[in-house]
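These are the residues of each chain, in order.
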Amino acid sequence: MPPKAVHSSSASPTDAFTSLWKAYNDNTSNRLKFIDVFLFFLMLSGIVQFAYCVLVTNFPYNAFLAGFSSTVGQFVLAASLRSQVNPENKDEFREVSPERAFADFALGSIVLHFFVYNFLG
Amino acid sequence: MFSFRRVLFLAAGLASLVGAKSSTGNSVLVVVEPKRQDDFSIFYDGLRDQGYELTFRAPKDESPPVIEYDEAKFAHVVILASETKNFAKDITPQSLISLLDLETNLILGLSTKQTPLASLAPEFSLILPPPGTPLISYFPKREESPSLIPITPSKYDATEILNKDLPPVWFSGVPHAFGNNPLLVPILHAPAESFASEVDGGSADALVDAAEKGGEGLWAGSQLGIVTGFQALNGARVTWLGGVDLLTDELAQREVSNGVKSGNAQFARNVAAWTFKESLVLRIDKIEHHLVNATGPNEVYTTNDQLVYSIYISKYDPQKATWEPYSGIKDLQLEFTMLDPHIRSSLPPVPGAPGKYSTTFRAPDRHGVFKFVVDWKRKGWTYLHSSTTVPVVPPRHDGYPRFLSAAWPYYAGAISTSMAFFLFSAIWLAGEVQHGNKRAGKAGKTE
């Protein structure tokens, strides 16, 4: 691995991105990639709402807070799920099984959405 | 028994209808020197014809008292003793003011002499010339003395109080200048070519002196009043007569020109009718306020509500002694006030609804304790004042629109996040199952 990295850093930036992308594709399991897709979607959604708030209107403000914090909260929960189910972090989360991690994620999300809808209207 | 009482009530009501032609009462006290009492019989008869009950009293008599047990004994008081310097103890400037506080109407006579009444006049913003200077005019040319003047009411005089086609009025007495008091109601002004001066001798020199000083110190011209009303804020009316001779039989019967009798009798009737609250008397019957398309009033209004305000006004009709709905006010205004008028709107009469004035307006976008205020003060007319307090509150928590089109990106964001969460969970759980099943095969493949 190390020699490869050295080689790509001396090459053009596009090569760096392609090699990063290739390494990600090769070394990440499908389940983590699936979580990453979810995270990416949440990030996009949050950016769109924030841009709308800044460029168009923040009225009604409670709706903006609810919508934006739902994406942020969901992002945080999904990110912690990702770190807990990642096999590389097994040592750190010894007592948390992947099933337990998903149950925590689901419960946290349901509570989050409950608050979001209360605050939205 | 019951019906008998009812008939009694009805009879009493009818009697009062016939008797009282004033809106406030028909008892009149006339304070007059006994030796001049008979000079005013035409004036008395005019009052009696209207249904007034006259009581006479000499200025120094102790009875009947004008105020007894803090109650005004008479509805109206006429003081014709304009040259008397000493009155009984209960007729003083202070007691006359107390009478006004008790809503008693007064007709007060002035003269060239320094009397208690003359010292009271400045309190009503009437500025009298020095004692001993009656109003004098050498025009029009006539046989009478220059201090007896025929005056034709002009358009600057109180046309609403006086009859339209009033013949010239004989006047003899003192004029007065007006102070800066908005409650004054000038009824009759002095003629333009008249002035106040001593009658006998030296007056021409005084005139020349005054003319050289640019008219300074000269009491002259049509700015002077000779009969002036005053309506106190509580509605009591006072009329100051520059001279009581105006009311005498002699001047009432004297001809102003060949075959034309003077207007004095009619003028006295008009002045008494105004002072004793027969004419130009209005009252507010009731007010209403409610939301548009509602019938009853709300205790609380919300900002930006459409409000309807109506006021019902009656005018006193002395002919029938009744209150009749009156739609003749053209300049009534409504103010919706919190410290300042936030809204000031005209209050026009409603066609087809006599006596009703109504307007519709939007409550301001400001909450607080507001007042509907109608405040109409015009010279000669009864003052109309009405103030109704209503709270205006912001919308309740559920009074706002719930879902706004501007917020759809936020709603879509929240909903899509939830949908994505469910989709993610479903696929994740499905993958778990597949993952468990295929773990062995998959592991074999990769390794």
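All values derive from a computational prediction rather than experimental measurement. (Residues numbered from 1 in each chain as written. Chains lettered and ligands numbered in written order. Predicted model: local features only at pLDDT ≥ 70, side-chain atom pairs only at ≥ 80, totals over all residues. Heavy atoms only, no water.)

**Quick notes on the packing of aromatic side chains**
Going through the model one piece at a time under the given rule, you end up with 33 aromatic pairs over all chains. Where A:Phe114 meets A:Phe115, the ring centres are 5.8 Å apart and the plane angle is 75°; that geometry is what we call edge-to-face. A:Phe114 sits in the exposed class, given a relative accessible area of 53%. An angle of 10° between the planes, with centres 4.7 Å apart, marks the rings of B:Phe336 and B:Phe370 as stacked. You can see B:Phe336 sitting in strand β23 (residues 333–338) and its partner B:Phe370 sitting in strand β26 (residues 368–376), a full 34 residues away along the chain. (Phe/Tyr/Trp six-rings, centres within 6.5 Å; stacked < 30°, edge-to-face > 60°. Buried < 20%, exposed > 50% of the residue type's maximum accessible area, 1.4 Å probe, protein only. Helix = DSSP H or I, 4+ residues; strand = E, 2+ residues; numbered from the N terminus.)

**Section: the sheet that holds β26(B)**
All names here are of chain B. Pairing is mixed across the open sheet formed by five strands, whose spatial order is β20-β27-β26-β23-β24. The sheet terminates laterally at β20 (301–302) and β24 (340–346), the two strands that pair on one side only. Note that β23 and β24 share six bridges and pair antiparallel. Opposite Thr 337, over in β24, you have Pro 341 as the bridge partner. (Pairing = 2+ DSSP bridges.)

**Digging into the confidence of the model for chain B**
Residues and elements named next belong to chain B. On average, residues of chain B score 87 in pLDDT, and 89% of them reach the 70 mark or higher. In the model, residues 11–18 has pLDDT below 50 throughout and makes three contacts with residues more than four positions away in sequence or in other chains. Across the interfaces of the predicted complex, the ipTM metric reaches 0.87, alongside a pTM of 0.72. (pLDDT = per-residue confidence, 0-100. Contact = heavy atoms within 4.5 Å.)

**Quick look at the side chain of B:Thr275**
All names here are of chain B. Residue position: Thr 275 is located in helix α7 (residues 264–275). In this structure the side chain of Thr 275 is engaged in a polar contact, spanning 2.7 Å, whose partner is the backbone oxygen of Val 271. If we ignore the near neighbours within four places in the chain, the residues touching Thr 275 are Asn 105, Leu 106, Ile 107, Arg 237, Val 238 and Thr 239. (Polar contact = N/O pair within 3.5 Å; in protein donor to acceptor, adjacent residues only side chain to side chain.)

**Overview of the UniProt feature "transmembrane region" (unreviewed entry) in chain A**
Taken from the UniProt record, the annotation "transmembrane region" (unreviewed entry) applies to residues 37–57, 63–81 and 101–120 of chain A. Taken end to end, residues 101–120 of chain A comprises 100% helix and 0% strand; its first and last C-alpha atoms sit 28 Å apart. (UniProt positions renumbered as here; feature names shortened; annotations may be inferred.)

**Observations regarding the pattern of salt bridges**
One pass over the structure, following the stated rule, counts 20 salt bridges over all chains. Between A:Asp104 and A:Arg100 there is a salt bridge, with its nearest N and O atoms 3.3 Å apart. With A:Asp104 and A:Arg100 both in helix α5 (residues 98–120), this residue pair falls four residues apart, about one helical turn. Judged by relative accessible area, which is 36%, A:Asp104 ranks as partly exposed. Here B:Arg283 makes a salt bridge to B:Asp285, at a shortest N to O gap of 2.8 Å. Given a relative accessible area of 39%, B:Asp285 falls into the partly exposed group. One network of salt bridges, in which partners are shared, links B:Arg36, B:Asp39 and B:Asp245. (Salt bridge = Lys/Arg side-chain N within 4 Å of Asp/Glu carboxyl O.)

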